[in-house]
Each structure stands twice: as structure tokens, then as C-alpha cells.
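Residues per chain are reported as follows:
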Amino acid sequence: PKADARLHIKRVIGLPGETIQIKDGQILINGETYKEGRDFPAISNPGLAEEEILLQAGEYFVLGDNRNNSDDSRYGDVGNVQKKYIEGELWFVAGPLKKIGFLKDDQ
């Protein structure tokens, strides 16, 4: 969450205006269980997300894929990530099946 922070690769789980909570090892978005496209283990430490977190404008909740060994939005030293600190480039589509593949420069 700082301009001089190291680069990390995380998955954006929560968007501005949503509430995020981790309860009984599951991610809840706006009170509904989030169904992920792959099998992640139950989250053993919900951290700050033990209580509902309301994401403000320009805030995102991120999690690492190694859910039980990742520095991410569950912890105060990362917290909710401001949009200005998110960098990314779409270069590969993983689904749906008919769209899987690398993007071309003109897309």
C-alpha cells in the first residue's frame, strides 16, 4: 500500500462498495459465499476479515493464491489496496473454454 513497496502478485477478491468477510474458512462477498474457479484450501486465519470489511471507493481486497501463507489484505501491513497501487496487464485468457489463449497486440 505504499509507492516504494515491493511488487506482489495477488488475486483481486473484493471491489469498491462490496463487503468482504472470511468466516469458517470461506470468503463471503456481500454475505454470499464466493465460489472460486479452483480448489483453494479453507482459510485458517481470516485476519482483519474476521469482521466484515466495507471497501470504499478506490479500495480493493486482495488475496494470495497460497491462502494460508500469504501477506495480503487480511493483514494490517497490507490492508485494502488503493487502485493507484495496482498494476496489471491482461495477456492470457483462462476461460471460458472457447476464449482460452494469449491475447494479440490489437486486442
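Here the structure is a predicted model, which means the values were calculated and not measured.

(A) Main features of the packing of aromatic side chains. Counting across every chain of the model gives 1 aromatic pair. Look at F92 and F102: their rings are 4.9 Å apart centre to centre, the planes differ by 75°, and that puts the pair in the edge-to-face class. Of this pair, F92 sits in strand 8 (residues 92-93) while F102 sits in strand 9 (residues 101-102), placing them 10 residues apart in sequence. Take F102: its relative accessible area is 60%, and that puts it in the exposed class. One residue, R67, lies across the ring of F40, its end atom 4.0 Å from the ring centre.

(B) Geometry of the pattern of salt bridges. If you walk through the whole model with that rule in mind, you get 4 salt bridges. Between R67 and E36 there is a salt bridge; the shortest N-O distance is 2.8 Å. Taken as a pair, R67 in the loop between strand 6 (59-63) and strand 7 (81-82) and E36 in the loop between strand 4 (32-33) and strand 5 (53-54) lie far apart in primary sequence, 31 residues in all. Ionic pairing is found between R74 and D72, a salt bridge with its closest N-O pair at 2.8 Å. Each member of the pair, R74 together with D72, is buried. Each member of the salt-bridge network shares a partner with another, and the members are R11, R38 and D65.

How each quantity is defined
Residues numbered from 1 in each chain as written. Predicted model: local features only at pLDDT ≥ 70, side-chain atom pairs only at ≥ 80, totals over all residues. Heavy atoms only, no water. Phe/Tyr/Trp six-rings, centres within 6.5 Å; stacked < 30°, edge-to-face > 60°. Helix = DSSP H or I, 4+ residues; strand = E, 2+ residues; numbered from the N terminus. Buried < 20%, exposed > 50% of the residue type's maximum accessible area, 1.4 Å probe, protein only. Lys NZ or Arg CZ within 6 Å of the ring centre and 35° of its normal. Salt bridge = Lys/Arg side-chain N within 4 Å of Asp/Glu carboxyl O.

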